[in-house]
Amino acid sequence: MDSHTAGEPTRVVMSGGPDLGEGPLAERLLRFRELHDNFRRSVIHEPRGSGVVVGALLVPPVRASSSAAVIFFNNSGYLGMCGHGTIGLVATLAHLGQLRPGRHTIETPVGTVEAFLHSSGEVSVRNVPCWRSRTSVSVEVPDHGTVVGDVAWGGNWFFLSEGAPCELSLANVDALTEYTKAIRAELHWGRITGSAGAPIDHIEISGPPRRAENQSRNFVLCPGGEYDRSPCGTGTSAKIACLVADGKLREGQVWRQEGILGTVFEGKVESIDGELRPRIRGSAYITGEGDLLFDARDPFVEGIAP
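Residues numbered from 1 in each chain as written. Predicted model: local features only at pLDDT ≥ 70, side-chain atom pairs only at ≥ 80, totals over all residues. Heavy atoms only, no water.

Another aspect to go through is the overall build of the protein chain. Check the secondary structure of the protein chain and you find five helices and 19 strands. Its C-alpha atoms give the protein chain a radius of gyration of 19 Å, near enough to 19 Å, the size a compact globule of 306 residues would have. Principal axes of the C-alpha set define a box for the protein chain whose edges measure 50 × 45 × 35 Å. A total of 306 residues make up the protein chain; the buried ones form 52% of that total. Across the protein chain, every contact between residues at least 6 apart in sequence was considered, and the portion connecting residues at least 24 apart equals 63%. In the protein chain, 29 positive and 36 negative side-chain charges are present, and the distance between their average locations comes to 4 Å. (Helix = DSSP H or I, 4+ residues; strand = E, 2+ residues; numbered from the N terminus. Rg over C-alpha atoms; globule rule 2.2 N^0.38 Å. Buried < 20%, exposed > 50% of the residue type's maximum accessible area, 1.4 Å probe, protein only. Contact = heavy atoms within 4.5 Å. Lys, Arg positive; Asp, Glu negative; His and termini not counted. Charge placed at Lys NZ, Arg CZ, Asp CG, Glu CD.)

Printed below as a string of C-alpha cells:
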C-alpha cells in the first residue's frame, strides 16, 4: 500500500516480507539488515521504487495490546522511527478497515509510539523520548564558512542549524541538498556524533515561514541523499527538543512546522514521567495498492542502485 504524508511517500509492505523471527524489534531490524537487505533494495530502488520512498515492513508486535509493529527502511538503510511513515501507516490501516478512530500503540525498533486516528482522518503521533545532546556545535563547511548547530535525537539523529545560503524553496533544492551534504560530511570527518558514537544522518536547516500562522520552515536532508518532502516528523521532534532545552517552548505549547513544499506538521510539547515526547499531527493520503513481483530471471530483481 502506497501513500504520501504531506508530500513524502510511504510504502507499507502488508505481507510477503522476510521472516524476521520473534523478539525485540531492534533485534529483528538487525536480522533484516544482515540477512535480508536484498528485500529492502528490491522494494525501494528502481525499477519498483525510487530514492525518496520510505518503506514500512509490518511485523508481528511483541505485545498483544499493540495495534501494529513496523520497521522503517529507505534507499540507504534503516530508520529508528519515522514520523511521516507512522502517519502513513495508520492512514493505510484505517483505509483497509483495520484501525478505527481512537488511540493506538505502534511498536518501532527504538520504542513504542502512541498514535491517535482522528475522525477527520488526521493522525497524531506521540513520539519516543526526544532530547538535545549537544548545543552550539561548530563545523567549517567549504565555501560556506562556520556553521553552528545543535545535535538532537527525535527518533533519528539530527544536526539542526538556523539559516541557509539561499531561500528555502523548491527552486533551490539542488543548492540546499549540496549545502546539507557538505555539513554532514564535515560532521563525519570531525567525528561529531550522537550518543554512543551514533552517526548523525539527518541534517535540518530552518528559516522563516511563508505563512504567519506557522513558526518555521525547514529543509531536511535524509540519510540516502534525498530531501524530505514533508516537514519531517522526527526532525520536528528534534527541533522541539532544542526549543524546550532553550526555554523557548513549554509544556502544552504548539509549534507549526512548514516543510519545503509548504505543507505543515503541528508539533505539541508533551512530557511523560519527566521525558519529552513531542506529539506530531498531520495527514496522509492513499495513492495506490498492488503486488510487487519478483522474477528470478530479472537482472534487476534486487533493484538498481549505485
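Moving on, we get to the environment of Gly 80. Position of Gly 80 among the secondary structure elements: in the loop between strand 5 (78-79) and helix 3 (83-95). Classification of Gly 80 by relative accessible area gives buried; the value is 12%. C-alpha of Gly 80 to C-alpha of Thr 108: the two residues are 28 residues apart in sequence and 7.0 Å apart in space. Those residues in contact with Gly 80 that sit more than four places away from it in its chain are Thr 108, Pro 109, Val 110, Gly 155 and Asn 156.

Here we take up the nonpolar core. Formed by 57 residues in total, the largest nonpolar core has its most connected members in Phe 72, Ile 106, Phe 159, Ile 183, Leu 187 and Ile 200. Ignoring any residue separated from it by four or fewer positions in sequence, one finds Ile 183 in contact with Val 141, Val 147, Phe 159 and Ile 203. In terms of nonpolar packing, the next biggest core, distinct from the first, is built from 15 residues, Leu 20, Leu 29, Leu 57 and Phe 73 among them. (Core = buried A, V, L, I, M, F, W, Y, C linked by side-chain atoms within 4.5 Å.)

Under the definition given, this model contains eight aromatic pairs. Seen in terms of ring centroids, Phe 32 and Phe 73 are 5.5 Å apart; in terms of plane orientation they differ by 70°. Their pairing is edge-to-face. Of this pair, Phe 32 sits in helix 1 (residues 25-35) while Phe 73 sits in strand 4 (residues 68-73), placing them 41 residues apart in sequence. The structure contains a cluster of three or more aromatic residues connected by ring pairs, namely Phe 32, Phe 39, Phe 73, Tyr 78 and Phe 294. (Phe/Tyr/Trp six-rings, centres within 6.5 Å; stacked < 30°, edge-to-face > 60°.)

A few words now on the side chain of Thr 236. Position of Thr 236 relative to the elements: it lies in helix 5 (residues 233-245). Of the polar contacts made by the side chain of Thr 236, one reaches the backbone oxygen of Pro 231; its length is 3.2 Å. Discounting chain neighbours no more than four positions away, the residues touching Thr 236 are Glu 204, Pro 231, Trp 255, Gln 257, Phe 265 and Ile 280. (Polar contact = N/O pair within 3.5 Å; in protein donor to acceptor, adjacent residues only side chain to side chain.)

Moving on, we get to helix 5. Between its terminal C-alpha atoms helix 5 stretches 18 Å, which fits the 18 Å expected from 13 residues at 1.5 Å a residue. When helix 5 is considered as a whole, its buried residues turn out to be Gly 233, Thr 234, Gly 235, Thr 236, Ser 237, Ala 238, Lys 239, Ile 240, Ala 241, Cys 242 and Leu 243. Immediately downstream of helix 5, the backbone of Gly 247 shows phi near 75°, a positive value. (Expected span 1.5 Å × (residues − 1).)

Tallied over the entire structure, the rule returns 21 salt bridges. Between Glu 270 and Arg 126 there is a salt bridge, and its shortest N-O distance comes to 3.0 Å. Of this pair, Glu 270 sits in the loop between strand 15 (264-268) and strand 16 (271-272) while Arg 126 sits in strand 8 (residues 123-126), and the two are 144 residues apart along the sequence. Both residues of the pair, Glu 270 and Arg 126, belong to the buried class. Of the charged contacts, one joins Glu 266 and Arg 256 as a salt bridge, the two residues approaching to 3.7 Å between their closest N and O atoms. Here Glu 266 is found in strand 15, whereas its partner Arg 256 is found in strand 14 (residues 254-258), with 10 residues between them in sequence. Accessibility expressed as a relative area gives 22% for Arg 256, which makes it partly exposed. Beyond isolated ion pairs, a larger network of salt bridges with shared partners links Arg 103, Glu 114, Arg 126, Glu 270 and Arg 279. (Salt bridge = Lys/Arg side-chain N within 4 Å of Asp/Glu carboxyl O.)

Okay, the pairing of strand 13 (residues 216-221) next. Burial of strand 13 is extensive: six of the six residues sit out of reach of the surface. Side-chain alternation along strand 13 places Ser 216, Asn 218 and Val 220 on one buried face and Arg 217, Phe 219 and Leu 221 on a second face that is also buried. In this structure, strand 12 (residues 202-207) lies alongside strand 13, joined through five bridges in antiparallel fashion. The residue of strand 13 that forms the bridge with Ile 205 is Phe 219. Pairing analysis gives two bridges linking strand 13 to strand 14, with the strands arranged parallel. Paired with Ser 216 across the bridge in strand 14 is Gln 257. Following the backbone out of strand 13, through helix 5 and into the adjacent parallel strand 14, one traces a crossover that is right-handed. (Pairing = 2+ DSSP bridges. Right-handed = clockwise from strand over helix to strand, strands pointing away.)

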